[in-house]
Amino acid sequence: MATSIIELNFREIGYQSDALPPVIFKNFPLPASNQRTLGPPHPPDTISPLALRASFGHALGFQPYEVIGTVIDRLEIAPNVVPANEAPKEVLIYNHNESLRTPHAPDYIFLYIHRAPTVGGETPTSSSIELFQRAAASIPDFVATLTSKGILNRVTYKNTPQFAGGSTIFGQAFGTEILAAVDAATRKVKVEFQLRRYNRGSHTTWEWIDNDGTLVVSHPIPLIRVQPITKLPVLLTWLAAYYKSYYAPEIPEARRKKASQQLYGDGTPIPEEYLEKLAEIAVGDYGSDSRAA
């Protein structure tokens, strides 16, 4: 799959830009009756509000996001409300756009903190518009190739979790509507029905292997897109986070061996030096669970 290339005249943006309205955060009270005590992996007696958070985004007129093909088995606290990160606090999760490993990413997310720690807990948020501008200036050949080819995203799902907190084929990834008593053939049909709901035709393919115990799903995905309000180009990616997690020099060799080759949409490999430079631009010194917007 290839995306069309158009010339875009975009303005430089900065943190002091007057073109966009200010974002104002206000405190508001939470009713004591609207609570839920969370189980593992949360600490004992962790209490979180329910419907008020779920209805906040809906009250603004946004449509609820339906997760299809998630690689994480996240506890749903309320409709469309899940923990942002269930990994231990020692695990760094670098800059990434949300759910971009599938072609069905959310249009918006809200971040909410119920009880702030006295130290730490920050979630740095960066601009995908600025990332495009900086990447286009530093590695223009890479940006041009991403624009024309996109990337080939290949995700492997299994019957059992591949890591702590990971999803499974017939569980949260594609099986939220599958009852435990359903036979194997019917479960497979239901999973493939969910895959077809991506509505991408031949641009989403899949293969069952290991006696249907493993499902490999492939999507060519465009990473250079246009932000609908500003009409500016954006670079959506998890590639920088992947590099920092698997390829960076400080990563142990055993973990580096688990890394998979990152590919352009036509199946050709992405040079590692491009990933390294993108990580330098996108991640910098940011720490745990950084998100791009």
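Here is what the cut-offs are and how they apply
Residues numbered from 1 in each chain as written. Predicted model: local features only at pLDDT ≥ 70, side-chain atom pairs only at ≥ 80, totals over all residues. Heavy atoms only, no water. Helix = DSSP H or I, 4+ residues; strand = E, 2+ residues; numbered from the N terminus. Buried < 20%, exposed > 50% of the residue type's maximum accessible area, 1.4 Å probe, protein only. Core = buried A, V, L, I, M, F, W, Y, C linked by side-chain atoms within 4.5 Å. Contact = heavy atoms within 4.5 Å. Pairing = 2+ DSSP bridges. Phe/Tyr/Trp six-rings, centres within 6.5 Å; stacked < 30°, edge-to-face > 60°. Lys NZ or Arg CZ within 6 Å of the ring centre and 35° of its normal. pLDDT = per-residue confidence, 0-100. Salt bridge = Lys/Arg side-chain N within 4 Å of Asp/Glu carboxyl O. Axes fitted to C-alpha atoms, helices over the stretch in contact; angles between N-to-C directions. Parallel < 35°, antiparallel > 145°, perpendicular 65-115°, else oblique. Left-handed = near helix turned anticlockwise from the far one by under 90°.

Trainee: Could you give me a rundown of the side chain of Thr237, with the residues and numbers involved?
Mentor: With respect to the secondary-structure elements, Thr237 resides in the loop between strand E8 (233-235) and helix H6 (239-247). Among the residues examined, Thr237 registers a relative accessible area of 4% and is labelled buried.

Trainee: I'd like a rundown of the nonpolar core, residues and numbers included.
Mentor: Residues Phe142, Leu235, Leu239 and Leu278 are the most contacted members of the largest nonpolar core, which totals 37 residues. Looking at this core, the elements that each hand over two or more residues are helix H2 (128-138), helix H3 (140-149), E8, H6 and helix H8 (272-282). Once residues within four sequence positions are removed from consideration, Phe142 is found in contact with Leu239, Tyr264, Ile270, Tyr274 and Leu278. In terms of nonpolar packing, the next biggest core, distinct from the first, is built from 15 residues, Ile169, Ala173, Val191 and Val217 among them.

Trainee: Which residues make up the pairing of strand E4 (residues 151-158), and what values go with them?
Mentor: As judged from the eight bridges shared by E4 and strand E6 (residues 214-221), these two strands associate in the antiparallel manner. By the bridge assignment for E6, Val155 is matched with Val217. As defined by bridge partners, E4 adjoins strand E9 (residues 263-264) across two bridges and the pair is classed as antiparallel. Paired with Leu152 across the strands is Leu263, a residue of E9.

Trainee: Can you lay out the packing of aromatic side chains for me, pointing to particular residues and giving the numbers?
Mentor: As enumerated under the stated definition, the model contains eight aromatic pairs in all. Ring plane angle 15° and centroid distance 6.2 Å describe the contact between Phe170 and Trp208, whose orientation is recorded as stacked. With a gap of 38 residues between them, Phe170 in helix H4 (residues 169-173) and Trp208 in strand E5 (residues 205-209) connect regions that are remote in the sequence. A cation sits over an aromatic face here: Arg187 above Phe170, 4.3 Å from the ring centre.

Trainee: With reference to specific residues and values, describe the sheet that holds E4.
Mentor: Across a sheet, strands are paired by hydrogen bonds formed along the backbone, either parallel or antiparallel in direction. Spatial ordering of the open sheet is given by E5-E6-E4-E9, a layout of four strands whose pairing is antiparallel. Whereas interior strands pair on both sides, the edge strands pair on one side only; in this sheet they are E5 and E9. Alignment of E5 against E6, held across five bridges, turns out to be antiparallel. For Thr205, the partnering residue across the bridge sits in E6 and is Ser218.

Trainee: Requested: an account of the confidence of the model for the protein chain, with residues and values cited.
Mentor: For the protein chain, the average pLDDT comes to 79, and 77% of its residues sit at 70 or higher. Segment residues 1-8 is flagged for pLDDT under 50; beyond a separation of four residues in sequence, or across chains, it makes 16 contacts in the model. Across residues 10-15, confidence stays below pLDDT 50; counting only partners more than four residues off in sequence or on other chains, it has 15 contacts.

Trainee: Could you give an account of the pattern of salt bridges, naming the residues involved and the relevant values?
Mentor: A complete count under the given rule lists six salt bridges for this structure. A salt bridge links Lys149 to Asp266; the nearest nitrogen and oxygen atoms lie 3.0 Å apart. Taken together, the residues span a long stretch of sequence, with Lys149 in helix H3 and Asp266 in the loop between E9 and H8 at a distance of 117 residues. Glu192 is paired through a salt bridge with Arg196; the nearest N and O atoms lie 3.9 Å apart. With Glu192 and Arg196 both in helix H5 (residues 184-196), this residue pair falls four residues apart, about one helical turn. Residue classification places Glu192 among the buried residues on the basis of a relative accessible area of 16%.

Trainee: Explain the packing of H2 against H8 residue by residue, including any values.
Mentor: For the pair H2 and H8, the least separation of the axes is 10 Å and the interaxial angle reads 135°. As the angle between them shows, H2 and H8 are arranged oblique. At the point where H2 passes H8, the crossing takes the right-handed sense. Contacts between H2 and H8 involve Leu131, Arg134, Ala135 and Ser138 from the former and Lys277, Leu278, Ile281 and Ala282 from the latter.

Trainee: Could you give an account of unusual backbone geometry, with specific residues and numbers?
Mentor: Negative phi characterises most residues that are not glycine, and trans characterises most peptide bonds. Unlike most non-glycine residues, Asn199 shows phi in positive territory, near 60°. Classification of Asn199 as exposed rests on a relative accessible area of 69%. Phi at Asn211 takes a positive value of approximately 55°, unusual for a residue other than glycine. Looking at the secondary structure, you find Asn211 in the loop between E5 and E6. What makes Asn211 exposed here is its relative accessible area of 81%.

Trainee: Before we move on, could you go through the pairing of E6 and cite the residues and values that matter?
Mentor: By the criterion of burial, E6 is predominantly enclosed, with eight of the eight residues buried. Here E6 shows no split at all, with Thr214, Val216, Ser218 and Pro220 on one side and Leu215, Val217, His219 and Ile221 on the other all buried. Connecting E5 to the antiparallel partner E6 that follows it, the hairpin turn spans four residues, and Asp210 within it adopts a positive phi of roughly 55°.

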